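# Overview (structure and organization)
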Amino acid sequence: MKALLQRVSSSKVSVNGVTVGEIGRGITVLLGVIPEHTQRDIDWLSEKIVNLRIFDDEDGKMNLSVSDVRGEILVISQFTLCGECKKGRRPSWAKAAAPEFANEMYLKFIDAVKKEGIPVAHGQFQAHMAVDIQNDGPVTLMIDTKE
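Our subject in this report is the structure included herewith. (Residues numbered from 1 in each chain as written. Predicted model: local features only at pLDDT ≥ 70, side-chain atom pairs only at ≥ 80, totals over all residues. Heavy atoms only, no water.)

Before going further, it helps to examine helix α2 (residues 99-115). Between its first and last C-alpha atoms α2 spans 24 Å; for 17 residues at 1.5 Å apiece the expected length is 24 Å, and the two agree. Those residues of α2 that fall on the buried side of the exposure criterion are Ala-102, Met-105, Tyr-106, Phe-109, Ile-110, Ala-112 and Val-113. The buried residues of α2 all sit within an arc of 160° when viewed along its axis, so they share a single face. In α2, those exposed residues whose orientation departs by more than 90 degrees from the buried face are Glu-100 and Lys-115. Buried residues belonging to α2 abut β3 (26-32), α1 (39-51), β6 (72-77) and β7 (120-122). Following α2 by one or two positions, Gly-117 adopts a phi angle in the positive range, close to 90°. (Helix = DSSP H or I, 4+ residues; strand = E, 2+ residues; numbered from the N terminus. Expected span 1.5 Å × (residues − 1). Buried < 20%, exposed > 50% of the residue type's maximum accessible area, 1.4 Å probe, protein only. Arc of directions from axis to C-beta. Contact = heavy atoms within 4.5 Å.)

This is the structure we're talking about:
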């Protein structure tokens, strides 16, 4: 799975002007799925994100996880993370998973994060979404379970 993480002071996602997911302090996860992803990728990625030490401790060092700071996670499906831009001028989506499989994996990922004890909000799969992100730092990281 491909996940673009942003440490946020707040974040929300709206569909047709209606907020469908919103968090305060935590992590916004933009999630891309390719056909080769498995439950193993979900388990590894959810555990990694929940325990990644990207929040400042009392000394200003990134030493705390979203769990440590009692933060939240907003998960948004983002198939464009699987786009290839090497050839031509138009991205290729050939490596992105089919919608049915991608949605299944997206929902399983949300459930896996919830099982880690973190409050989770999420977007709406295959919808045109407006995402408001108050990136804190800024801190932005890319994780690919296949690399």
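Take the packing of aromatic side chains next. Counted under the stated rule, the structure contains two aromatic pairs. Ring geometry for Phe-79 versus Trp-93: centroids 5.1 Å apart, planes at 65°, classification edge-to-face. In this pair, Phe-79 is assigned in the loop between β6 and α2 and Trp-93 in the loop between β6 and α2, connecting sequence segments 14 residues apart. A relative accessible area of 37% places Trp-93 in the partly exposed class. With centroids separated by 5.9 Å and ring planes inclined at 40°, the aromatic side chains of Tyr-106 and Phe-125 adopt a geometry described as tilted. With a gap of 19 residues between them, Tyr-106 in helix α2 and Phe-125 in the loop between β7 and β8 (129-144) connect regions that are remote in the sequence. (Phe/Tyr/Trp six-rings, centres within 6.5 Å; stacked < 30°, edge-to-face > 60°.)

All right, on to α1 then. Relative to the 18 Å expected for 13 residues at 1.5 Å per residue, α1 spans 18 Å between its end C-alpha atoms, a close match to the ideal helical length. Of all the residues in α1, the buried ones are Asp-41, Ile-42, Leu-45, Ser-46, Ile-49 and Val-50. What you see down the axis of α1 is that its buried residues fit within an arc of 140°, all on one side. Looking at the buried positions of α1, the neighbouring elements they touch are β1 (2-15), β3, β6, α2 and β8.

Turning our attention to unusual backbone geometry. Going from Gly-137 to Pro-138, the amide bond is cis rather than trans, its omega being -5°. Despite not being glycine, Asn-16 has its phi angle at roughly 50°, a positive value. Topologically, Asn-16 is positioned in the loop between β1 and β2 (18-23). Backbone geometry places Gln-126, a non-glycine residue, at a positive phi of 65°.

With that settled, the discussion passes to the packing of α1 against α2. Two elements in contact, α1 and α2, have axes separated by 9 Å at closest approach and are oriented at 40°. By the angle between their axes, α1 is oblique relative to α2. The hand of the α1/α2 crossing is right-handed. Here α1 contributes Gln-39, Ile-42, Leu-45, Ser-46, Ile-49 and Val-50 to the contact with α2, which in turn contributes Met-105, Lys-108, Phe-109, Ala-112 and Val-113. Taken together, the residues of the contact of α1 with α2 break down into eight nonpolar, two polar and one charged. (Axes fitted to C-alpha atoms, helices over the stretch in contact; angles between N-to-C directions. Parallel < 35°, antiparallel > 145°, perpendicular 65-115°, else oblique. Left-handed = near helix turned anticlockwise from the far one by under 90°. Nonpolar A, V, L, I, M, F, W, Y, C, P; charged D, E, K, R; others polar.)

Nothing here speaks to function; it is geometry throughout.
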